[in-house]
Amino acid sequence: MIELSSSTWTDMRDVLASGPPLAVLPFGALEQHGPHLPLDTDTRQAEAIARGIASGLDAVLLPSIEYGNTWGNAAFPGTVSLSVDTVAAICGDIAASLDAAGFALLVVVNGDYGNRLPLQLAAEKRAEAGERMPVLVLDYPGLVDIGDQVKESPWAAPGLCHADELETSMMLAISPATVHPERFVAEYPELPPDFGQRPQALAPLGETGVFGDPRAATAAKGEQIIAHVVTQSLAAIERTLRSLGLR
């Protein structure tokens, strides 16, 4: 693995000279995660998973994008959101730069639900334009499966993971000093029947911003979750590389 931020241009010249490398981009967000997790939770998690992916592929790890599309959390102080167009443009511009440099594939590790649409738009735009280097967006493959295995608390909704046992476990594994166990609180907001089917603000749904119960979280669970998602991500990337004729 090579970290782009700490490399020199001559380092990258040598990497590119040895063949088109893969790039891995963690794309996070700055949004509320209850009273017990930091605002950059999504970024830290995406970076941890991206680092595991980059290590497994001997790829180039790009610096994290620490902002995303998270207007639904805007009512909670500290949340900073980018528009759909801005997220798509950031991803598209980074991809264009890497393409021009000679990279073979950009893998975007998406850490926030709100980024899914704009990141896919960026990838689709490049594909539609026939650009040489494709973009693969990963939304934590296998997270629900491993969640079903390790969770002791119920889901707030199927697959909904926000400041709950899963995210808290990952943060205990990644950055325990940023977790505040004395502030753990369980909250299961009453969700509208069409939750997840249309854009909705989260603040009116609950008081704390928690969707689930973080109290059963452990670092061991977090390590298991991250390892599983990295493994499933590597499998997904290998399928794409074979499809592109790069394997």
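Counting restarts for each chain: residues are numbered from 1 in the order of the written sequence. Confidence filtering applies because this is a predicted model: local features only for residues at pLDDT of at least 70, side-chain atom pairs given and counted only at 80 or more, and all residues used for totals across whole chains, interfaces and linings. As a rule here, side-chain values come from all non-hydrogen atoms in the structure, and water together with hydrogens is ignored.

A.B. asks: Summarise the sheet that holds strand S5 (residues 135–138); cite the residues concerned and give the values.
C.D. replies: Here the rule is simple: two strands pair whenever DSSP picks up at least two bridges between them. Under the DSSP-based scheme used, a helix requires at least four consecutive residues in state H or I and a strand at least two consecutive residues in state E, with every element numbered from the N terminus. Spatially, the five strands line up as an open sheet ordered S1-S3-S2-S4-S5, and their pairing is parallel. Where the open sheet ends on each side, the last strands, each with one partner, are strand S1 (2–3) and S5. Pairing between strand S4 (residues 105–110) and S5: four bridges, direction parallel. When the bridges of S5 are listed, Val107 appears paired with Leu136. Any two residues whose heavy atoms approach within 4.5 Å are treated as being in contact. Axis angles are defined between N-to-C directions and span 0 to 180 degrees, where every axis is a line fitted to C-alpha atoms and, for a helix, only to the segment in contact. The sheet strands contacting helix H7 (residues 219–243) are strand S2 (22–27), S4 and S5, and the helix crosses S5 at an angle near 155°.

A.B. asks: Which residues make up the packing of aromatic side chains, and what are the values?
C.D. replies: Only Phe, Tyr and Trp rings are paired, with Trp represented by its six-membered ring, and only when their centres lie within 6.5 Å; those with planes under 30 degrees apart are stacked, over 60 edge-to-face, the remainder tilted. Taken as a whole and assessed by the stated rule, the structure comprises zero aromatic pairs. Against the face of Trp155 rests Lys151, its NZ or CZ located 4.8 Å from the ring centre. For a ring to carry a charge above it, either NZ of a lysine or CZ of an arginine must fall within 6 Å of the ring centroid while also lying within 35 degrees of the normal to the ring plane.

A.B. asks: For the side chain of Ser64, give the residues involved together with the corresponding values.
C.D. replies: Within the secondary structure, Ser64 sits in the loop between strand S3 (60–61) and helix H3 (84–101). By relative accessible area, which is 18% here, Ser64 ends up buried. Aside from chain neighbours lying at most four places away, what touches Ser64 is Pro26, Thr43 and Glu47. Burial here depends on accessible area, computed with a 1.4 Å probe over protein chains only, as a share of the maximum for the residue type. Under 20% is buried, over 50% is exposed, and the range in between is partly exposed.

A.B. asks: Go over the pattern of salt bridges, please, and point to the residues and values.
C.D. replies: Within this document, salt bridges are pairs made up of a side-chain nitrogen of Lys or Arg and a carboxyl oxygen of Asp or Glu, the two lying within 4 Å of each other. In total, this model carries 13 salt bridges according to the counting rule given. For Arg51, the salt bridge identified is with Glu47, shortest N-O distance 3.4 Å. With Arg51 and Glu47 both in helix H2 (residues 41–57) and four residues apart, the pair spans about one turn of that helix. Given the relative accessible area of 31%, Glu47 is considered partly exposed. Its salt-bridge partner being Glu165, residue Lys221 comes within 2.6 Å of it at the nearest N-O pair.

A.B. asks: Break down unusual backbone geometry for me, with residues and values.
C.D. replies: Despite not being glycine, Tyr140 shows a phi value in the positive range, around 50°. Its identity is not glycine, yet Ala163 carries a phi of approximately 60°, on the positive side. By secondary structure assignment, the location of Ala163 is in the loop between helix H5 (143–150) and helix H6 (165–174). Residue class for Ala163 comes out buried when judged on its relative accessible area of 0%.

A.B. asks: Quick rundown of the packing of H2 against H7? Include the residues and the values.
C.D. replies: Interaxial distance between H2 and H7 falls to 9 Å at its minimum, and their mutual angle equals 50°. Relative to H7, the element H2 lies oblique. The two elements H2 and H7 meet at a crossing, and its hand is right-handed. Mapping the contact onto sequence places Ile49, Gly52, Ile53, Gly56 and Leu57 in H2 and Ile226, Val229, Val230, Ser233, Leu234, Ile237 and Glu238 in H7. Note that the term roughly parallel is reserved for angles under 35 degrees, roughly antiparallel for angles over 145, roughly perpendicular for angles of 65 to 115, and oblique for everything else. Two helices cross in a left-handed way if the nearer one is turned anticlockwise from the farther one by less than a right angle. They cross in a right-handed way if the turn is clockwise.

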